[in-house]
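# Chains, contacts and geometry: an overview
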Amino acid sequence: MKLQRKNRLRAISLGAVAVSGALALTACGSDDTSGGSSDNSSSSSASANASSIKCDDAKGQLLSDGSSAQKNAIDAWVAAFSQACGVQINYKAGGSGAGVTSFNQGQLAFAGSDSALKPEEVTASKKVCSGGQGIDLPMVGGPIAVGYNLDGVDNLVLDAPTLAKIFDGKIKTWDDAAIKKLNPSAKLPSTKIQAFHRSDESGTTDNFTKYLKAAAPADWKYSGGKAWQAPGGQAAAQSSGVAAGVKQTPGSIGYFELSYVADGMKAVSIDTGASAPVVPSSDAASKAIADAKVVGTGQDLSLELNYKTKADGAYPITLVTYEIACDKGNKADTLPATKAFLNYIASEEGQGKLAGLGYAPIPAEIISKVRTTISGLS
């Protein structure tokens, strides 16, 4: 109940942020969006004095797209940065696949992706990043919550094999023996399970299925990736669409960032083999991310997560969202604003906003490398 109450308050506050932070971008070739006035000059100086945001030479407009998992964080960051610096930022949150594609077509100042760039995507980025390439900057951590809507069941424990069978359509009702075994005291109905997945290419899908592949290899036989591969189930676009489907559908289950768990939904606790099932939280995700390894080369800081962790209190279904930018060859008209915004969200102040929104800050050792890399963008 505390989780529901917390998320209800978060939803209210995020709604206020979304309204106050809505910004319009009218650039050639971009989609028209509606939003608030770009005249923030009257409050900019006061806001800047109240925070450590450094605007430097930031000006103009930035167009970005990508991960919908980080949208609630981006909304809060954009509201603060735009008020302080007067820069308009339109983040479309069309999904990681759309973000990477648009970035490699030269349409964006930066993109957000819940999966690191693949080799072929790095190669494509070299056509846009003159003399350089796209690099991965880990910026937002967080648990991928498995949200469910099942009346009368306030606490639900599942493990990787059971989740794999549910999302593969092999477990069809909530009173299945495998679910009963994990929840002996729960009153599980014979309701049909409605499993929701992403219809668009998504880094959240990529990370969720990486967990299923790693932790339940005997039950999840698909190769994985940003596109959902298992047959059946209900499809919806973006994290918000999957969350809305679960919220509106009794007997349903789906995966999305923890900040999308709201009224009508609860989050599954994961049995990892540790001393107790793990509830998704910022702290639990941070424990998992701290075990990650930097596997990128050069300026790239892509991470390898341990989806099979059995450490007490470590939540295994965790993602890291990367901001993707050119290490060299950024457009001269957007580089100052891009660097200033990325510097802000990687700063102690920017990272400090994450836990209150249901995300996990990037561990200190990694985020310090991110800050150094951003300072060298050109």
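Cut-offs used in this document
The residue numbers shown here count from 1 along each chain, following its written sequence. Given that this is a predicted model, residues contribute local features only at a pLDDT of at least 70 and side-chain atom pairs are listed and counted only at 80 or more, while totals for whole chains, interfaces and linings are drawn from all residues. Note: side-chain values were computed over all heavy atoms of the structure, leaving out hydrogens and water. Cysteine sulfur atoms are paired as a disulfide whenever they fall within 2.5 Å. We count a stretch as a helix when DSSP gives it H or I for four or more residues in a row; a strand needs E for two or more, and each element gets its number in order from the N terminus. Under the scheme applied here, a residue whose accessible area is under 20% of the maximum for its type counts as buried, over 50% as exposed, and between as partly exposed, the area being computed with a 1.4 Å probe on protein chains only. Strands are labelled as partners when DSSP assigns at least two bridges between them. Within 6.5 Å between ring centres, the rings of Phe, Tyr and Trp (the latter by its six-membered ring) count as paired, and their orientation is classed by plane angle as stacked under 30 degrees, edge-to-face over 60, tilted in between. What counts as a salt bridge is simple: a side-chain nitrogen of Lys or Arg found within 4 Å of a carboxyl oxygen of Asp or Glu. Assignment of crossover handedness uses the view with strands pointing away from the viewer, where a clockwise path from the first strand over the helix to the second indicates a right-handed crossover. Where helices are involved, their axes are fitted lines through C-alpha atoms of the stretch in contact, as for all axes, and angles between N-to-C directions lie from 0 to 180°. Any angle from 65 to 115 degrees is called roughly perpendicular, while one under 35 is roughly parallel, one over 145 is roughly antiparallel, and all others are oblique. Crossing handedness is defined as follows: a turn of the near helix away from the far one that is anticlockwise and smaller than a right angle gives a left-handed crossing, while the clockwise case is right-handed. Every residue pair with non-hydrogen atoms within 4.5 Å of one another is taken to be in contact. Gly is put with the polar residues, along with every residue not named as nonpolar or charged; the nonpolar set is Ala, Val, Leu, Ile, Met, Phe, Trp, Tyr, Cys and Pro, and the charged set is Asp, Glu, Lys and Arg. By this rule, a helix spans an expected 1.5 Å times one less than how many residues it contains. A 3.5 Å cut-off defines polar contacts: any pair of N or O atoms within that distance qualifies, except that in protein one atom must be a possible hydrogen donor and the other a possible acceptor, and neighbouring residues in sequence count only when both atoms are side-chain atoms. Buried residues of nine kinds, namely Ala, Val, Leu, Ile, Met, Phe, Trp, Tyr and Cys, make up a nonpolar core once their side-chain atoms join them within 4.5 Å.

## Things to note about the state of the cysteines
- Applying the stated criterion across every chain yields a total of two disulfides.
- In this model, Cys 55 is linked to Cys 85 through a disulfide, with the two sulfur atoms separated by 2.0 Å. Taking the torsion about the S-S bond as the criterion, the Cys 55 to Cys 85 disulfide, at about -85°, is left-handed. On the criterion of sequence distance, the pair formed by Cys 55 in the loop between helix H2 (41-50) and strand E1 (61-66) and Cys 85 in helix H3 (residues 71-85) is long-range, its members being 30 residues apart. Cys 85 shares its class with Cys 55; the two are buried.
- Residue pairing for Cys 129: its cysteine sulfur links by disulfide to Cys 326, the two sulfurs lying 2.0 Å apart. Between Cys 129 and Cys 326, the disulfide has an S-S torsion of -70° and is therefore left-handed.

## Observations regarding the pairing of strand E13 (residues 318-326)
- Burial analysis of E13 places nine of its nine residues in the buried class, the great majority of the element.
- Residues Thr 318, Val 320, Tyr 322, Ile 324 and Cys 326 point to one face of E13 and Leu 319, Thr 321, Glu 323 and Ala 325 to the other, with burial holding for every one of them.
- Of the pairings in the sheet, the one linking strand E4 (residues 134-149) to E13 comprises nine bridges and is antiparallel in character. Its bridge partner being in E13, Val 140 is matched across the sheet by Thr 321.

## Notes on the packing of aromatic side chains
- This structure, assessed with the given rule, holds ten aromatic pairs.
- Ring plane angle 55° and centroid distance 5.6 Å describe the contact between Trp 220 and Trp 228, whose orientation is recorded as tilted.
- According to the relative accessible area criterion, Trp 228 is buried, its value standing at 14%.
- By the ring-pair criterion, three or more aromatic residues cluster together here, those being Phe 167, Phe 208, Trp 220, Tyr 222, Trp 228 and Tyr 255.

## Quick notes on the pattern of salt bridges
- Tallied over the full model, the rule gives five salt bridges.
- Two residues, Lys 71 and Asp 75, come together in a salt bridge whose shortest N-O distance is 2.8 Å. Pair noted here: Lys 71 and Asp 75 are both in helix H3, with a separation of four residues, about one helical turn.
- The salt bridge partner of Lys 226 is Glu 121, with a shortest N-O separation of 3.7 Å.

## Here's the deal with the pairing of strand E2 (residues 88-91)
- The side-chain alternation of E2 yields two buried faces, one formed by Gln 88 and Asn 90 and the other by Ile 89 and Tyr 91.
- Bridging between E1 and E2 involves four bridges; their strand directions are parallel. In the sheet register, Gln 61 faces E2, and the bridge partner there is Gln 88.
- In terms of handedness, the path from E1 via H3 over to E2 forms a crossover that is right-handed.

## Considerations on the packing of helix H6 (residues 160-167) against helix H8 (residues 203-215)
- Where H6 meets H8, the closest approach of the two axes is 9 Å, and the angle between their N-to-C directions is 125°. Relative to H8, H6 is oriented oblique. In the packing of H6 onto H8, the handedness of the crossing is left-handed. Across from Ala 160, Leu 163, Ala 164 and Phe 167 in H6, the residues of H8 making contact are Phe 208, Tyr 211, Leu 212 and Ala 215.

## A closer look at unusual backbone geometry
- Backbone geometry at Asp 56 places phi at a positive 50°, although glycine is not the residue there.
- Note that Asp 56 resides in the loop between H2 and E1.
- Positive phi values are uncommon outside glycine, yet Gln 238 reaches one of about 65°.
- Tracing the backbone shows Gln 238 in helix H9 (residues 238-248).
- You can call Gln 238 partly exposed: its relative accessible area is 25%.

## Comments concerning the packing of H3 against helix H11 (residues 335-346)
- At a minimum axis distance of 11 Å, the contact between H3 and H11 shows a crossing angle of 120°. It follows that H3 is oblique to H11 by the angle criterion. Along this stretch, H3 crosses H11, giving a crossing that reads as right-handed. Contacts between H3 and H11 involve Trp 77, Val 78, Ala 80 and Phe 81 from the first element and Ala 337, Ala 340, Phe 341, Tyr 344 and Ile 345 from the second.
- For the contact of H3 with H11, the per-class residue count stands at nine nonpolar, no polar and no charged.

## Quick word on H8
- Spanning 13 residues, H8 covers 18 Å between terminal C-alpha atoms, matching the ideal 18 Å at 1.5 Å per step.
- Listed as buried for H8 are Gly 203, Thr 204, Thr 205, Asp 206, Asn 207, Phe 208, Thr 209, Tyr 211 and Leu 212.
- Between the side-chain oxygen of the N-cap and the backbone nitrogen of Thr 204 there are 2.9 Å, and the N-cap of H8 in question is Ser 202.

## Brief notes about the nonpolar core
- Grouped together as the largest cluster of nonpolar side chains are 86 residues, with contacts concentrated most on Trp 77, Phe 81, Met 139, Leu 163, Phe 167 and Ile 253.
- With nine residues, H3 is the single largest residue contributor to this core.
- Beyond its immediate stretch of four places on either side in the chain, Met 139 contacts Trp 77, Thr 321, Glu 323, Leu 342, Ile 345, Ala 346, Gln 351, Leu 354, Ile 362, Ile 367, Val 370 and Ile 374.

Function-wise, these values are silent; they only describe arrangement.
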